[in-house]
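# Chains, contacts and geometry: an overview
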Amino acid sequence: MEKTAYTQPDVRLPGEKSGPLQGKTFAVKDVFHVKGTASTAGNPDWLRTHPPASTTAPALEILLKAGASIQGLTVTDELMYSLHGENAHYGTPLNPLAPESIPGGSSSGSASAAASGDCDFAVGTDTGGSIRIPAAYCGLYGLRPTHGRISTAGLIPLAPSFDTIGLLSPDFDTLQQAASLFYPQTDEGPTDVYFLEEAWELAEDKQIMDQLDPLPVKSGGLSLAHLQETFRVVQAAEIWEQHGTWVTEHVPAFGPGIKERFEAASRISAAEAAEAVAERNALRKQLQQLAAGSILVIPTAPGPAPVKNLPPVQVDDIRTRSLRLCAIAGIGGLPQLTIPIKSAGRRISFSVIGAPGSEDSLFSWVGKHISNDEQRLSVSLL
């Protein structure tokens, strides 16, 4: 089932008549509070059991005050608990870059709207990769900021120790302009730029490394499988803490994959969660030390967008491999900027990760190396 990118296309709020984003439009993932509107969170039972919001999320207010206008709420995977973008209730938003393929999730509708040119940029969320994976699959620039950089007030939570608000756009300058409203400008830059060895071992297409030569390769001493498993347990425990009571009380009709994940989350014991949190904290320190003063270059996703309607076993395999890459910034609380490029005739994606608070440095470094060819889908570092 393929449907529009929007769940609530009539939700529109005008921006201020002046400001740095004056005249620009943005779509919003249907998990944010917008005054007078009830969010779907990608599930009709959630919509049915929750009242309209009394206020608009502060992050959206910042964009509105800068002059940008909201032009609709977009499809999300149910309660944001997926990376795939196929919603059993609201359909699969179109991937304009590859119509036979999924758009990625859970910010699927936001990515679809931005990639189609229906808006200048889109707002989504990223807990386990929900900005980065749709950006990779739909040929977009995307920012997952430092954890805590953008207030998540007025956002339906998923796993608060990982939840971030992110941005998507087909245009680098637009993304940078919108993102810069949320962090101070600095003149500091990284001292070194590296390919992260463990991450590139997961890449299906390593020809991109030739395009980005001559960056040195650096090992972080990481087990990405261990990162992913630690992330999985902590995330699941937090999700059940946030939503378990609602799930138990209302028994919502979840689609395939989402239902099984909530069931698994309900079985995480307090002891398992505590052990995983302690490990997460130790790994976070390790990753922040690895990123200090550096930019780490990784593939955003293992490969290009998968086709629709894959068997569940293949979906789970793609999810696991994707989470291993996404857990680097997720566990570390690090900012990650995603860049679309062409490699061997295919449009794929790589990302740059920096130390906490280094968003401005990431944008500055990428801005020096991207080119305007092929709608800014090529990079030259030579």
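Residues numbered from 1 in each chain as written. Predicted model: local features only at pLDDT ≥ 70, side-chain atom pairs only at ≥ 80, totals over all residues. Heavy atoms only, no water.

### Digging into the packing of aromatic side chains
To describe a pair of aromatic rings, one takes the distance between the centres and the angle between the planes. As a reminder of what qualifies: Stacked, tilted and edge-to-face are the three classes applied to pairs of Phe, Tyr and Trp rings, where Trp contributes its six-membered ring and a pair requires centres within 6.5 Å; stacked means planes under 30 degrees apart, edge-to-face means over 60, and tilted covers the rest. Helix and strand labels come from DSSP, where a helix needs a run of H or I of at least four residues and a strand needs a run of E of at least two; each type is numbered from the N terminus.
Applying the stated criterion to the full structure yields ten aromatic pairs. Ring centres 4.9 Å apart and planes at 65° place the aromatic pair Trp-46 and Trp-246 in the edge-to-face group. Of this pair, Trp-46 sits in helix α1 (residues 44–49) while Trp-246 sits in helix α8 (residues 224–250); the two residues are 200 residues apart in sequence, bridging distant segments of the chain. Three or more aromatic residues link up through ring pairs in this structure, and these residues are Trp-46, Tyr-81, Trp-246, Phe-254 and Phe-262.

### Some points on the packing of α8 against helix α10 (residues 270–291)
Note the following rule: The axes are straight lines fitted to the C-alpha atoms, using for helices just the contacting stretch, and the angles between their N-to-C directions are given from 0 to 180°. Angular relationships are summarised with four words: roughly parallel below 35 degrees, roughly antiparallel beyond 145, roughly perpendicular across 65 to 115, and oblique for the angles in between. Put simply, a crossing is left-handed when the front helix is turned counterclockwise from the back one by less than a right angle, and right-handed when it is turned clockwise. Two residues qualify as a contact provided that any one of their heavy atoms is within 4.5 Å of a heavy atom in the partner residue. Each residue is assigned to one of three groups, with Ala, Val, Leu, Ile, Met, Phe, Trp, Tyr, Cys and Pro labelled nonpolar, Asp, Glu, Lys and Arg labelled charged, and all others, Gly among them, labelled polar.
Contact pair α8 / α10: the axes reach a minimum separation of 9 Å and the direction vectors enclose 130°. By the angle between their axes, α8 is oblique relative to α10. Note that α8 runs across α10; the crossing there is left-handed. Every residue of α10 that contacts α8 at His-226, Leu-227, Thr-230, Val-233, Val-234, Ala-237 and Glu-238 is listed here: Glu-272, Ala-273, Ala-276, Val-277, Glu-279, Arg-280, Leu-283 and Leu-287. Here the residues of the contact of α8 with α10 sort into nine nonpolar, two polar and four charged.

### Some details on the nonpolar core
Keep this limit in mind: Among buried residues, the Ala, Val, Leu, Ile, Met, Phe, Trp, Tyr and Cys ones that are joined through side-chain atoms within 4.5 Å form a nonpolar core. Residue burial is assigned from relative accessible area. The probe radius is 1.4 Å, only protein chains are included, and a residue is buried under 20% of its type maximum, exposed over 50%, and partly exposed in between.
Of all hydrophobic cores here, the largest spans 104 residues; its most connected members are Phe-26, Leu-337 and Val-352. Once residues lying within four places of it in the same chain are set aside, the contact partners of Val-352 are Ile-295, Leu-296, Val-297, Pro-335, Gln-336, Leu-337, Ile-339, Leu-362, Trp-365 and Val-366. Membership of the second largest hydrophobic core comes to 13 residues, among which are Ala-27, Ala-111, Cys-119 and Ala-135.

### Re the side chain of Ser-358
Our working definition: Identification of polar contacts relies on pairs of N or O atoms within 3.5 Å, with a donor-acceptor requirement for protein atoms, meaning one able to donate a hydrogen and the other able to accept it, and with residues adjacent in sequence counted only if both atoms are side-chain atoms.
Here Ser-358 shows up in the loop between β13 (346–353) and α12 (359–367). At 2.7 Å, the side chain of Ser-358 and the backbone oxygen of Ala-355 are in polar contact. Contacts of Ser-358, omitting those with residues within four sequence positions, involve Thr-146, Arg-149 and Pro-335.

### Quick word on the pairing of strand β11 (residues 294–299)
Put simply, side chains in a regular strand alternate between the two faces of the sheet. Here is the rule: In short, DSSP must find at least two bridges between two strands for them to pair.
In terms of burial, β11 is largely enclosed, as six of its six residues are buried. Where burial is concerned, the two faces of β11 agree: the one with Ser-294, Leu-296 and Ile-298 and the one with Ile-295, Val-297 and Pro-299 are both buried. In the sheet, strand β9 (residues 192–196) pairs with β11 via four bridges, with the strands oriented parallel. Looking at the pairing, Phe-195 lines up with Val-297 of β11.

### Focus on the confidence of the model for the protein
Selection criterion: Known as pLDDT, the predictor's per-residue confidence is scaled from 0 to 100.
With 93% of its residues at a pLDDT of 70 or more, the protein has an overall mean of 93. Predicted confidence is poor over residues 374–382, with pLDDT under 50, and the contacts of this stretch with residues over four places away or in other chains come to 34 contacts.

### A closer look at the state of the cysteines
Spelled out, the test is: Any two cysteine sulfur atoms within 2.5 Å of one another count as a disulfide.
Counted under the stated rule, the structure contains zero disulfides. Cys-138 takes part in no disulfide bond, and the closest cysteine sulfur to it belongs to Cys-119, at a distance of 12 Å.

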